[in-house]
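Given next are the chains, with one letter for each unit.
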Amino acid sequence: MIGFTFKRLGVSALALAVAVVSLTACGSTDSADPSSSDTLTIGYDSDPAPQGFDPLLYGAGQRLFYESTYQSLFAEGADGQPVPELASSFSYNKAKTQMTLKIRSGVTFTDGSALTAELVKKNLDRRSDAKLQAYSGFAKGGSTEIKNVEAPSADTVVLTFTAAQGSFQTNLMGVAGTIVGEKAITDSSVLTQGPDGSGPYKMDTSVKGSSYTMSRKPGTDASVYPFQKIVYKPYLDKNARLNAQISGQTDVSLIDTSTQETAASNGVSLVKNGGTMLDLLVFDKTGATSKPFGNKDVRLALSYAIDRESFVKTVAKGAEPSANAFPKSSAGFDAALNTEYAFDVAKAKQALAKGGYPNGFSFTITASPTIQASLEFLQNQFKAIGVDMKIEVTTSTDKLFAVVNTQPLGFIPLTMSNEVGVTAGVLVGGFANPHKAQSPVIGAALGAAANSSGADAAAALKKLNGALINEGWLIPVAEQFSYAGYDPEVLQAPTYPGIDGYPLLSSFKPAA
Amino acid sequence: MFAYLTRRLGLGVVTVLVASALSFLLVHASGGSPGAITAGQGATAAQIAAENVRLGWDRPLVVQYLSWLGDAIRSDFGVSLIDGHGIWPDLLHRIPVTASMAIFATLFSGILGIGIGVAAAVNRGRLDRVITVASGVMLSLPQFWLGILLVYVLAVKADLLPATGYVEFTAAPTQYFQSLALPVLALGLTGAAIIARTTRAGMVNALEQEHIRTLRALGTPLWRIRYLHALRFASAPVVSVLGIQFIALFGGSVIIEQLFALPGLGQAAQTAIDTHDFPSVQGVVVIATAVVVLTNLILDLVLAALDPQVRAA
């Protein structure tokens, strides 16, 4: 009878084995997700279209996705600098308070509408819509505010600013300068179904949060966009994204810093670029929610109190310690700031005393669970100088948004792909300055940087970097690197534009 | 039987209603407002208030709930605050993913677990000890860890199965099964260990029953005694555990869905909660509750068929 039972078990095992073999018999994972030479499969680190397909709803992180279906007034060049795309040329008036854009002809959108100066005006007139976060760079009240947009002729658009601008084209580069078609402007619900752009690809199919398939439009230059199809696959879990890349389900993936060593050890080729700063953003520079933060010396004391080297070794492996507002590869990077704000408890205590808080103080910081470990590290550092930072962890996005108005500090990675734009749109005129604090030093430096061009730009950026740090509006801790893992049998090494954290779509070329 | 079924169905409907009301109240009690989501990050208080009025958030709770319930009965769960898409069509895409995973994992754990459990019960020696220890080890392994291990071995190293993703059955049947193989193994192996333990205990108890001894004395073939009489006697707790497993898999496989990048209900629930997408949260809760109620109903019917005493209870 025992034999009979084993026989039964054997049959069960055989049945299971047959099932597994039949599942695997049809080939390896490649057959499950074909990736032929004319199809590029990209493993994305987030759902690129969680709120629909209006690119203006998003920030720089979604640029790589929207580059396929949209074009911008200025594209990001290989060096990260703006290159006219839908604008054919541009010029400033003498006072640099007006920018005139000449618009390209013969451009059509998915909905069949054509690019006109009037359409560009209609697009930019949406800038007061609070939902369109890509427009925050030139929002009302900011130093790079667009006061007015006019379309005096079919191919001319004139932007009028509230203050002089020297390099406003950087603000119209990438997602912020993207133009959506006429139909989408008239009825924004069109963009919940699919993109309405003039980009090199059109969307064929989409499974929300799972895959977005694009096919190249007829007439698109195949030497610039060599792949016939592009499939974007969002993998929210960094390990799932890594597994998909290692096993060949994706041709190229955005690899998380914490998994890059595993990727490399499993044969994934990697390219990297800096540009994302791990910053303590001082929301409250006026003391409205926490009086000590209204004092510059107190803010600087916190900066002196951070052992950035240990921070990187302990909780941010793969990053580089930095006290700079801008990344290492930025023209505005200043090595002297790293020395000036090196870890020094005595100096921190001195600054705290100078600010009127020799015995320290306490405050609360709210953050998502993903950065809890980083905050706990900083909590211990601040404790050493008598500052008690209470940590409140929440998964509520609503709450994370809300605390910007009620708490003095936040810990947020900031991608500095456009130094002037981010400073104007986030730090000075954006969500990181809810109490509308003003600093003549930062204001002047920002104005000069926005107004500078050519050889003067680097010096102006350096000055802006120093102003942000020395005024204590920003307390950088480290610079994080972005990694892209790719299969060298399918692709050549992709390249990053300037200090952008995402490769350019046009940099994906088939392996020779 | 008809009265029993009617009673159970009525109770099921009440359960879904209570769960929907509770989820509705909890969503309202959780703070925040839908207007803050739809108006955008840079919206003013006035813009947020106007959005809340547009969305009906200013109306009395009872009115809001009854309005929502009326729509939900007509399969209209409203639209997502985040992307403006209908919630029901989105759930309709996601339910098959989670249901496939839960059904196959339950079947897999049932077949494997019952087979191993019976083998352990009828071979009370070395094999029993091996199975008991092995199932104990398997029970202690977290499903996500097992998932990571399976991906590493079978997908990354051996390249036998896809590491991630879901393919619809209608698109490519073979790839559908391939895409489910690893998640089902990850979920089903620990489930099989529980079933094996339950089956073994039930079979050991059944084989010691008076009527089984009588059947033996009458010379009934051993396979009939074991697989018809004893297994049926032992099956009630096994069926209950399988039902509970199915419910748990349907509502709680978030980590496995993330690990294998499966666009199922677990992922939808997590995203909805993270983004405070109130109508989507309610939609997922109602679907999950309905599945629990339906599964329990089927479970009760199966148990009633297995044991007439249950029907009389």
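Residues numbered from 1 in each chain as written. Chains lettered and ligands numbered in written order. Predicted model: local features only at pLDDT ≥ 70, side-chain atom pairs only at ≥ 80, totals over all residues. Heavy atoms only, no water.

Labelled according to an unreviewed UniProt entry, chain B appears under the name Peptide/nickel transport system permease protein, originating from Actinocorallia herbida. Word for word, the UniProt comment on chain B under Subcellular location (unreviewed entry) is "Cell membrane". For the record of chain B, the UniProt heading Sequence similarities (unreviewed entry) holds the text "Belongs to the binding-protein-dependent transport system permease family." (UniProt positions renumbered as here; feature names shortened; annotations may be inferred.)

If you look chain A up in an unreviewed UniProt entry, it shows as Peptide/nickel transport system substrate-binding protein from Actinocorallia herbida.

1. Considerations on the overall build of chain A
Per the secondary structure count, chain A includes 17 helices and 17 strands. In terms of C-alpha radius of gyration, chain A reaches 25 Å, essentially the compact-globule figure of 24 Å for 512 residues. Each principal axis of the C-alpha distribution contributes one length, and for chain A these read about 85 × 70 × 40 Å. Classification of the 512 residues of chain A by burial places 54% in the buried group. Here chain A has roughly 19800 Å² of accessible surface; of this, 54% comes from carbon and sulfur atoms. Side chains of chain A give 42 positive and 46 negative charges; the mean places of these two sets differ by 4 Å. (Helix = DSSP H or I, 4+ residues; strand = E, 2+ residues; numbered from the N terminus. Rg over C-alpha atoms; globule rule 2.2 N^0.38 Å. Buried < 20%, exposed > 50% of the residue type's maximum accessible area, 1.4 Å probe, protein only. Areas by Shrake-Rupley, 256 points an atom, 1.4 Å probe, with all protein chains shown as cover. Lys, Arg positive; Asp, Glu negative; His and termini not counted. Charge placed at Lys NZ, Arg CZ, Asp CG, Glu CD.)

2. Quick word on unusual backbone geometry
Residues other than glycine predominantly adopt negative phi, and peptide bonds predominantly adopt the trans conformation. Of note in this structure, Lys436(A) is not a glycine but carries a positive phi near 55°. Its place among the elements puts Lys436(A) in the loop between helix H15 (419-428) and helix H16 (440-451). Lys436(A) gets classed as exposed once you look at its relative accessible area, which sits at 60%. Phi is positive for Ala261(B), which is not a glycine, with a value near 50°. The residue Ala261(B) is located in the loop between helix H11 (254-259) and helix H12 (265-274) in this model. On the basis of relative accessible area, Ala261(B) is assigned to the buried category, the value being 13%.

3. Concerning the domain arrangement of chain B
Residues and elements named next belong to chain B. Under the domain assignment used here, chain B contains domain 1 (1-87) and domain 2 (94-311). Here the C-alpha centre of domain 2 lies 32 Å away from the C-alpha centre of domain 1. Taken together, the 27 residues of domain 1 in the interface contact 21 residues of domain 2. At the junction of domain 1 and domain 2, the tally comes to one salt bridge. (Domains from an automatic or database assignment. Contact = heavy atoms within 4.5 Å. Salt bridge = Lys/Arg side-chain N within 4 Å of Asp/Glu carboxyl O.)

4. Considering the pairing of strand S6 (residues 146-153) of chain A
Residues and elements named next belong to chain A. Where S6 meets strand S7 (residues 156-161), five bridges bridge the pair, whose relative direction is antiparallel. Paired with Asn148 across the two strands is Thr160, which belongs to S7. The hairpin turn running from S6 into S7, its antiparallel successor, is two residues long. (Pairing = 2+ DSSP bridges.)

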